[in-house]
Amino acid sequence: MYKNGDLETLVTASCSWPTIFPPVEYDGRLLADGGIANSVPTKWSLDGANNYVIAVKTGFEPQALNSPNLLAYLVQTIQIMGEKMERHQMEKADCMIEPLLHEWTQIDFDKGAEMVVRGEEACIQHIAQIKKDLHL
């Protein structure tokens, strides 16, 4: 994990998907989206700590392909693999927040603002339980 460095380079690396957006060379390594291996990195938050872990499901549900093409197949494959991995990783969290993103896919870049609103709505639904769990 990198704690300092060029923010633009690190964010670009975080957005990198192999075969779609190229990996970024940084400090002698090729970096790509952390979601490839740890889409919900609860393991890292639990290592040696007494923390309350909030996991946010940022993936999308696999959907029927209406107009299949190579990119659609690739995205669908990533979504299917990611769904299984996310479920497993989220089991370790104290609170699981799942925004309703079922009508979009990971390539609906023009829907970002709507997705953020869905995320905010999902978080608001958990505030009372989080406060209760943390005795606030």
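Basis of the calculations
Residues numbered from 1 in each chain as written. Predicted model: local features only at pLDDT ≥ 70, side-chain atom pairs only at ≥ 80, totals over all residues. Heavy atoms only, no water. Core = buried A, V, L, I, M, F, W, Y, C linked by side-chain atoms within 4.5 Å. Buried < 20%, exposed > 50% of the residue type's maximum accessible area, 1.4 Å probe, protein only. Contact = heavy atoms within 4.5 Å. pLDDT = per-residue confidence, 0-100. Helix = DSSP H or I, 4+ residues; strand = E, 2+ residues; numbered from the N terminus. Expected span 1.5 Å × (residues − 1). Salt bridge = Lys/Arg side-chain N within 4 Å of Asp/Glu carboxyl O. Patch = residues over 30% accessible without salt bridge, like charges linked within 9 Å, V, L, I, M, F, W, Y side chains within 5 Å. Areas by Shrake-Rupley, 256 points an atom, 1.4 Å probe, with all protein chains shown as cover. Disulfide = S-S within 2.5 Å.

A closer look at the nonpolar core
With 5 residues, the main nonpolar core is built from Val-40, Val-53, Ala-55, Met-90 and Ala-93. Those residues in contact with Met-90 that lie beyond four places of it in its chain are Val-40, Ala-55, Lys-57, Met-96, Ile-97 and Glu-98.

A closer look at the confidence of the model for the chain
When the pLDDT values of the chain are averaged, the result is 79; 85% of them are 70 or greater. Per-element mean pLDDT across the chain ranges from 67 in helix H2 (residues 35-38) up to 95 in helix H6 (residues 127-133).

Quick look at helix H4 (residues 70-90)
With 21 residues, H4 extends 30 Å between its outermost C-alpha atoms, agreeing within 8% with the 30 Å of an ideal straight helix rising 1.5 Å per residue. What H4 keeps buried is the set Ala-72, Val-75, Gln-76, Gln-79, Gly-82, Glu-83, Glu-86, Gln-89 and Met-90.

Observations concerning the pattern of salt bridges
Going through the model one piece at a time under the given rule, you end up with 2 salt bridges. With its nearest N and O atoms 2.8 Å apart, the salt bridge here joins Glu-103 to Arg-118. One end of the pair, Glu-103, is in the loop between strand S4 (95-97) and helix H5 (112-124); the other, Arg-118, is in helix H5, with 15 residues separating them in the sequence. A salt bridge links Asp-110 to Lys-111; the nearest nitrogen and oxygen atoms lie 4.0 Å apart. Given a relative accessible area of 27%, Lys-111 falls into the partly exposed group.

Remarks on the environment of Pro-99
In this structure, Pro-99 sits in the loop between S4 and H5. Looking at Pro-99, the relative accessible area reads 14%, which means it is buried. Note: C-alpha distance between Pro-99 and Glu-120 (21 residues apart in sequence) is 8.0 Å. Those residues in contact with Pro-99, other than ones at most four positions away along the chain, are Val-56, Lys-57, Arg-118, Gly-119 and Ala-122.

Topic: a nonpolar patch on the surface
Among the surface-exposed residues, Phe-21, Leu-71, Ile-107 and Phe-109 lie close enough to one another that they form a single nonpolar patch of about 360 Å² accessible area. Mapped onto the elements, Phe-109 comes out in the loop between S4 and H5. Using a relative accessible area of 59% as the deciding quantity, one classes Phe-109 as exposed.

A word on the side chain of Lys-57
Position of Lys-57 among the secondary structure elements: in the loop between strand S3 (54-56) and H4. Classification of Lys-57 as buried rests on a relative accessible area of 5%. Leave out the neighbours within four places in its chain, and Lys-57 touches Glu-83, Glu-86, Arg-87, Met-90, Ile-97, Glu-98 and Pro-99.

Some points on the state of the cysteines
Applying the stated criterion to the full structure yields 0 disulfides. Looking at Cys-95, it has no disulfide partner, and the nearest cysteine sulfur is the one in Cys-123, 8.2 Å off. We classify Cys-123 as partly exposed; its relative accessible area is 31%.

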